[in-house]
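What follows is the residue order along each chain.
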Amino acid sequence: MARGLFITFEGGEGAGKSTQIRRLSEKLRRKGYDTLVTREPGGSPGAEALRHVILSGAAEPFGPRMEAILFAAARSDHVEQVIRPALERGAIVLCDRFLDSSRVYQGAGSDENAALVETLVHVAVNGVMPDMTLIFDIDAEAGLSRAAARRGTDQADRFEKETLEIHQRRREAYLAIAEKEPDRCIVIDAWASEDEVDDVVTAAVFAALEVRANSERKTGGAG
Ligand code: TYD
């Protein structure tokens, strides 16, 4: 079976993930790579329907378990309808947020939340794990003011409107994941200029593509 490359982009609010995903996807396409850009929550028709329910805050009154399960339901649909088929045809998939967002946003607060999220993540990803996760690290206050500037007069969404302290804890939680899974995760200083961040992202991704091409050459094909 041909296997593409699955790259996820993670980080707090205002870290500049979307801009970098756009720049990277343009570069990859120019070089002729079949590249799919997608996002969570959402990315498939079923998951996009849930995105609205979740981000509007409509599910908030029903509690964090309900929200965690909705994120997982959306992820399961997205994986099976979009991500897995793209990887099977050999595409590079760039996904704006994935399972680590659930760990950081829904899994925080108690061991019970963390355990629930791990169970849900396991079911939702169904074996489709990122090959590489780029964690855009930024000071929580700086990130929030960037996000507010970008949003203009629109209301902050369900998660963006939470306190600075919660955002700071999320940053720590991302760094803890990176420390625990160093083979998969790369922490990127998202406060650097757009061009500098682009250089780091490009170097990491093209190095991974090189490794993949070498191992395909050794095994005499697409694995
Ligand atoms: P979005 O507008 O896509 O924001 P961003 O530019 O920050 O990526 O909003 C997605 C929000 O949903 C964001 O605040 C993080 C949150 N989220 C979770 O809480 N859990 C999850 O599993 C995912 C995928 C996102």
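All values derive from a computational prediction rather than experimental measurement.

Here is what the cut-offs are and how they apply
Residues numbered from 1 in each chain as written. Predicted model: local features only at pLDDT ≥ 70, side-chain atom pairs only at ≥ 80, totals over all residues. Heavy atoms only, no water. Buried < 20%, exposed > 50% of the residue type's maximum accessible area, 1.4 Å probe, protein only. Helix = DSSP H or I, 4+ residues; strand = E, 2+ residues; numbered from the N terminus. Pairing = 2+ DSSP bridges. Core = buried A, V, L, I, M, F, W, Y, C linked by side-chain atoms within 4.5 Å. Contact = heavy atoms within 4.5 Å. Expected span 1.5 Å × (residues − 1). Arc of directions from axis to C-beta.

A separate point is the pairing of strand E1 (residues 5-11). Judged by how many residues are buried, E1 sits mostly within the fold: seven of seven residues are covered. Both faces of E1 are covered, namely the face carrying Leu5, Ile7, Phe9 and Gly11 and the face carrying Phe6, Thr8 and Glu10. Relative to strand E3 (residues 92-96), E1 runs parallel, the two sharing five bridges. Along E3, the bridge assignment pairs Thr8 with Cys95. Across five bridges, the pairing between E1 and strand E4 (residues 132-137) is parallel. When the sheet's bridge partners are listed, Thr8 is paired in E4 with Thr133.

What follows concerns the nonpolar core. Counting residues in each nonpolar core, the largest one holds 22 residues, and the members touching the most others are Ile7, Phe9, Leu94, Leu134, Phe136, Val201 and Val205. Only E1, helix H1 (17-30), E3, E4 and helix H8 (194-219) provide two or more residues apiece to this core. Among the elements that make up this core, the one with the highest residue count is H8 (six residues). Among all residues touching Phe9, those that are not within four sequence positions of it are Lys17, Ile21, Leu24, Leu94, Cys95, Asp96, Arg97, Leu134, Phe136 and Val201. In terms of nonpolar packing, the next biggest core, distinct from the first, is built from 14 residues, Phe6, Ile83, Leu87 and Phe98 among them.

Under the 1.5 Å per step criterion, the end-to-end length of helix H7 (residues 164-180) is 25 Å for 17 residues, consistent within 8% with the ideal 24 Å. Those residues of H7 lying buried are His167, Arg170, Tyr174, Ile177 and Ala178. For H7, the angular spread of the buried residues around the axis is 100 degrees, confining them to a single face. Summarising the geometry of H7, the exposed residues directed more than 90 degrees from the buried face are Glu165, Glu172, Glu179 and Lys180. On the buried face of H7, the contacting elements are E1, helix H4 (99-106), E4, helix H6 (140-151) and strand E5 (185-189).

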